[in-house]
There are 2 protein chains.
Amino acid sequence: MIDETHNPALTSWVESARGHPDFPVQNLPFGIFSPSGGDRRPGVAIGDAILDLRGVAGLLPAEVAAVVQADSLNALFALPAIARRALRRRISELLSVTAFRDAVAPHLHDAAGCTLHMPTRIGDYSDFYVGIHHARNIGAMFRPDSPLLPNYRWVPIGYHGRASSVRMSGEPVRRPKGQIKPPDADAPVFAPTRRLDFELEMGVWIGPGNAPGEPVQIDAAGDHIAGYCLLNDWSARDIQAWEYQPLGPFLSKSFHSTISPWVVTAEALAPFRVAQAARAAGDPRPLDYLWSDADQAAGALNVELEVHLSSRAMRERGMAAHRISQGSATSMYWTPAQMVTHHSSNGCNLQPGDLLGTGTISGETQESCGSLIEMSRGGKTPVTLPGGETRSFLEDGDEVTLSARARADGFVSIGFGPCCGRIAG
Amino acid sequence: MIDETHNPALTSWVESARGHPDFPVQNLPFGIFSPSGGDRRPGVAIGDAILDLRGVAGLLPAEVAAVVQADSLNALFALPAIARRALRRRISELLSVTAFRDAVAPHLHDAAGCTLHMPTRIGDYSDFYVGIHHARNIGAMFRPDSPLLPNYRWVPIGYHGRASSVRMSGEPVRRPKGQIKPPDADAPVFAPTRRLDFELEMGVWIGPGNAPGEPVQIDAAGDHIAGYCLLNDWSARDIQAWEYQPLGPFLSKSFHSTISPWVVTAEALAPFRVAQAARAAGDPRPLDYLWSDADQAAGALNVELEVHLSSRAMRERGMAAHRISQGSATSMYWTPAQMVTHHSSNGCNLQPGDLLGTGTISGETQESCGSLIEMSRGGKTPVTLPGGETRSFLEDGDEVTLSARARADGFVSIGFGPCCGRIAG
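Thresholds, definitions, all that
- Residues numbered from 1 in each chain as written.
- Chains lettered and ligands numbered in written order.
- Predicted model: local features only at pLDDT ≥ 70, side-chain atom pairs only at ≥ 80, totals over all residues.
- Heavy atoms only, no water.
- Least-squares fit on C-alpha atoms with pLDDT ≥ 70 in both.
- Contact = heavy atoms within 4.5 Å.
- Helix = DSSP H or I, 4+ residues; strand = E, 2+ residues; numbered from the N terminus.
- Buried < 20%, exposed > 50% of the residue type's maximum accessible area, 1.4 Å probe, protein only.
- Pairing = 2+ DSSP bridges.
- UniProt positions renumbered as here; feature names shortened; annotations may be inferred.
- Buried area = accessible area lost by both parts, 1.4 Å probe.
- Salt bridge = Lys/Arg side-chain N within 4 Å of Asp/Glu carboxyl O.
- Polar contact = N/O pair within 3.5 Å; in protein donor to acceptor, adjacent residues only side chain to side chain.
- Nonpolar A, V, L, I, M, F, W, Y, C, P; charged D, E, K, R; others polar.
- Axes fitted to C-alpha atoms, helices over the stretch in contact; angles between N-to-C directions.

### What about the relation of the copies chain B and chain A?
Working step 1: Rotating chain B by 180° and moving it 0.0 Å along the rotation axis overlays it on chain A with an RMSD of 0.0 Å. Taken together, these values place the two copies in the relation of a two-fold axis. Distance from the rotation axis, computed per C-alpha, reaches its smallest value in chain B at Gly248 of chain B: 2.2 Å.
Working step 2: Comparing interface residues between copies, 100% of those in chain B also lie at the interface in chain A; the contact surface is shared.

### Some remarks on the environment of Met375 of chain B
All names here are of chain B.
Working step 1: Take Met375: it is sitting in helix α10 (residues 372-375).
Working step 2: Separated by 13 residues in sequence, Met375 and Ser362 place their C-alpha atoms 9.8 Å apart.
Working step 3: For Met375, the contacting residues outside a window of four places in its chain are Phe198, Ile324, Ser325, Gln366, Cys369, Thr381 and Val383.

### Digging into the pairing of strand β12 (residues 200-206) of chain A
All names here are of chain A.
Working step 1: The buried fraction of β12 is high, at seven of seven residues.
Working step 2: Going residue by residue along β12, you find Leu200, Met202, Val204 and Ile206 tucked away on one face and Glu201, Gly203 and Trp205 tucked away on the opposite face as well.
Working step 3: Across seven bridges, the pairing between β12 and strand β13 (residues 225-232) is antiparallel. Residue Glu201 lies in a different strand from β13, and its bridge partner there is Leu231.

### Observations regarding the UniProt feature "domain: Fumarylacetoacetase N-terminal" (unreviewed entry) in chain A
Working step 1: In the numbering used here, UniProt assigns the feature "domain: Fumarylacetoacetase N-terminal" (unreviewed entry) to residues 26-119 of chain A.
Working step 2: The distance separating the terminal C-alpha atoms of residues 26-119 of chain A is 20 Å; by composition the span is 31% helix and 22% strand.

### A look at the UniProt feature "active site" (unreviewed entry) in chain A
Residues and elements named next belong to chain A.
Working step 1: Mapped onto this numbering, the UniProt entry gives "active site" (unreviewed entry) at His134.
Working step 2: For His134, the location among the structural elements is in helix α5 (residues 132-142).
Working step 3: The residues contacting His134, other than those within four sequence positions of it, are Tyr129, Glu199, Thr360, Ser362, Ser371 and Glu374.

### A short note on the interface of chain B and chain A
Working step 1: The partner chain A presents 56 residues to the 56 residues of chain B that form the contact.
Working step 2: Counting each side, the surface lost to burial between chain B and chain A is near 5200 Å², with a carbon and sulfur contribution of 60%.
Working step 3: Area buried by chain B at its contact with chain A is led by His160, Leu247 and Phe250 of chain B, which between them contribute 16% of it.
Working step 4: Counting across the chain B and chain A interface gives four salt bridges.
Working step 5: With a closest N to O distance of 3.5 Å, Arg162 of chain A and Asp124 of chain B form a salt bridge.
Working step 6: Viewed at the interface, chain A and chain B are joined by 29 residue pairs in polar contact (both at pLDDT 80 or more).
Working step 7: Listing elements by their share of the side of chain B that touches chain A, those giving two or more residues are β6 (125-128), β7 (158-160), β9 (177-180), β10 (189-192), α6 (237-243) and α9 (336-344) of chain B.
Working step 8: Tallying contributions element by element places β7 of chain B first for the side of chain B that touches chain A, with three residues.
Working step 9: Taken together, the residues of the side of chain B that touches chain A sort by class into 29 nonpolar, 19 polar and eight charged.

### Here's the deal with the pattern of salt bridges
Once their charged atoms are close, side chains differing in charge can pair, the charge on each being opposite to the other.
Working step 1: Under the definition given, this model contains 46 salt bridges over all chains.
Working step 2: The salt bridge involving Arg162 of chain A is made with Asp354 of chain B; its shortest N-O contact spans 2.8 Å. Highlighted residues: Arg162 of chain A in the loop between β7 (158-160) and β8 (166-168) and Asp354 of chain B in the loop between α9 and β21 (355-357), drawn from two different chains.
Working step 3: With relative accessibility at 3%, the residue Arg162 of chain A sits in the buried group.
Working step 4: Taken together, the shared-partner salt bridges connect Asp197, Glu199, Asp233, Arg237 and Lys253 of chain A into one network.

### Thoughts on the side chain of Asn210 of chain B
Residues and elements named next belong to chain B.
Working step 1: Within the secondary structure layout, Asn210 lies in the loop between β12 (200-206) and β13 (225-232).
Working step 2: Within the local environment of Asn210, its side chain forms a polar contact with the backbone oxygen of Cys348, the two atoms lying 3.1 Å apart.
Working step 3: Within the local environment of Asn210, its side chain forms a polar contact with the backbone nitrogen of Leu350, the two atoms lying 2.7 Å apart.
Working step 4: Setting aside residues no more than four positions away along its own chain, Asn210 makes contact with Pro215, Val216, Ser344, Gly347, Cys348, Asn349 and Leu350.

### With respect to the sheet that holds strand β4 (residues 108-110) of chain A
Pairing between the strands of a sheet comes from backbone hydrogen bonds, and it takes one of two forms, parallel or antiparallel.
Residue and element names in this part refer to chain A.
Working step 1: Taken together, the five strands give an open sheet; going across it, the order is β4-β3-β2-β1-β5, and neighbouring strands pair in antiparallel fashion. Bordering the open sheet on either side are β4 and β5 (115-117), each of which pairs with just one other strand. On average, each strand axis in the sheet is tilted by 50° relative to the strand beside it, whichever way the strands run.
Working step 2: Pairing of strand β1 (residues 30-34) with β5, which is carried by three bridges, proceeds in the antiparallel orientation. Its bridge partner lying in β5, Phe33 is registered against Leu116.

Structure follows, in structure tokens:
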């Protein structure tokens, strides 16, 4: 629902928030931070600053005062959606009404001097496969005759991921070792991956959970989503190719997954909801448990996505990172509400602070691919970087940055902050 | 290592422990329990009683006194293996030397009056596929010409599972709904599974973890295993068949997984270690990172496994549960140490209290299958129960109980306690 917090005329008394590309007062994402020398606590990004929610606990709704004492957002995400919305309205008020300035300003910290931490203790991380162009691109490499499997347009395909290796933006990525079997070899070798890739995904943070055996209904699914982040699901393609049958990807993914630190709330994204448009004419209508007129009409997200890459050589020569991909979250074949509903449809209990990945989001063109294996067509057509280097897969020293921006006519656009990782070595 | 705690002549002053089939003084498994009206705390099963470790904290090694104050075993499992072994020796002493009786006996609770809880807060649950006969039986249904895929004898195949739906023995199992596509239908339906199955597995509890990017070496892997349990990985075969390509099983497994409550320690199982013998002549030698002479010589577990089933009709007629399968953990193609080493070989960090499943353990014969889909050959040869009922898959009211016993000449055999679940409805 769109309310006063989205009013484009609203401005903050925090000067750096005015015209801020990511964190104007219309955004207000949640995160966990520690000020220099301080302990971990919940905060809200506003311009170049972070508001310490503990510091202003006395000014917040009573049901929130306790949860901001925690060192993770799990308890905050467990609040019912109505309480989450009330909290947003109050924070918007505190940061825009000048009368609150004296009481609130002492609890602002310069973001540059703070450390950001994992927003939740992730109970479970599941990764979906809702980028239909990605599924088709990858499928075509393995099955040229039938790139999309028969279940794709019926089932929001997903799999369980590894929660322990989800890490913060900025943490170096170590190139994993694993079993690799060259096509012409009789036996595999155990060696560092030679086909290290990124995957451009969005992450969905679960708010209130569901009890075991009690699925979330599609029209209620939105209330179970606390917010969104960016997710780079680093992948070792050669390890993946050898290990993935019959039970799916395992060690090719579980060495490291990078998230952006700020949780852009479902509420902040309300003005950027659009109709689900990735289903083509002639595609089957989803089964009833996945169907909602409201979700079809406004369940997709108009979020622009970009991937930048800089190599060590580029940085040494003072060159800026190069944009290698630009796409849109509207390429998702299934909406976040459908992901939540499907995941819980067997009675599986989702819990506050769980993370769902969308799967790689690719567009229809080579310029909008969400992974290098797609851009380089499995290594056959390497990508050329501005300095003349080429890339089929990632080299040591490469840095990949995902970014996102939500736009809609008549509203202030908001960003997600960077999701960044550099290959160590 | 075998020490005085395994001495078959050792007896406890707890009378019910003498000759106890599961919990003689040579076992001493850990669990989390609450006495009537009390809170959750760590305990040790001894005969028909449970020793409250908090109550005897003052008698335990200093490094343990703090971790027994927790309401889960995560902190205890984080202790280095040497501390875990010292704790075992001390508990063995407290429960066998009569001089400790007066100090210890007040902290024994009748197990029948206690409630057992999840032993750890499971960070991540991963499920392997090390039962080679199971892999071959299932593979033969899908690929009669090549039941085992080319990677099976090289890679300890596994996948990420769902931690939130791992539940205690005794919790009713709700039949899940999901997408099912009959072979002759054009479209799937969303309906309760008609092919509900059990899977006989062992669970491996992770002790001390490894730091991100720092794999566990095969010869150190044993120190990272705190203990074992039984695991029933309930499966909806019709949902599985439709959803599993290309990313593996998802909702067909994540509705419910049942574990036995007691953690039988790696130390208690020391006398029951045997040579790895499931690899056939001519099979490839595992790659170096998975190879250890010591692990090959004594890394397998001589644990007998049984599955009992009782239907509602059988119980109404006063009939005992019927044993439908009897096998051995020696059918595992990869040892627990190899599972741990492989899982961390890409740098993935395992954490104390994580759970690994072995995958279904089947023997070579129809009488030793670890699942109904194997016993009934995909439904073609139903199993007959003593009262005349037949089963291709589980019916509402069916109760499945897994049990296990470790035996070795010259040692007192120990058991795991039941892993039990009844299909609701």
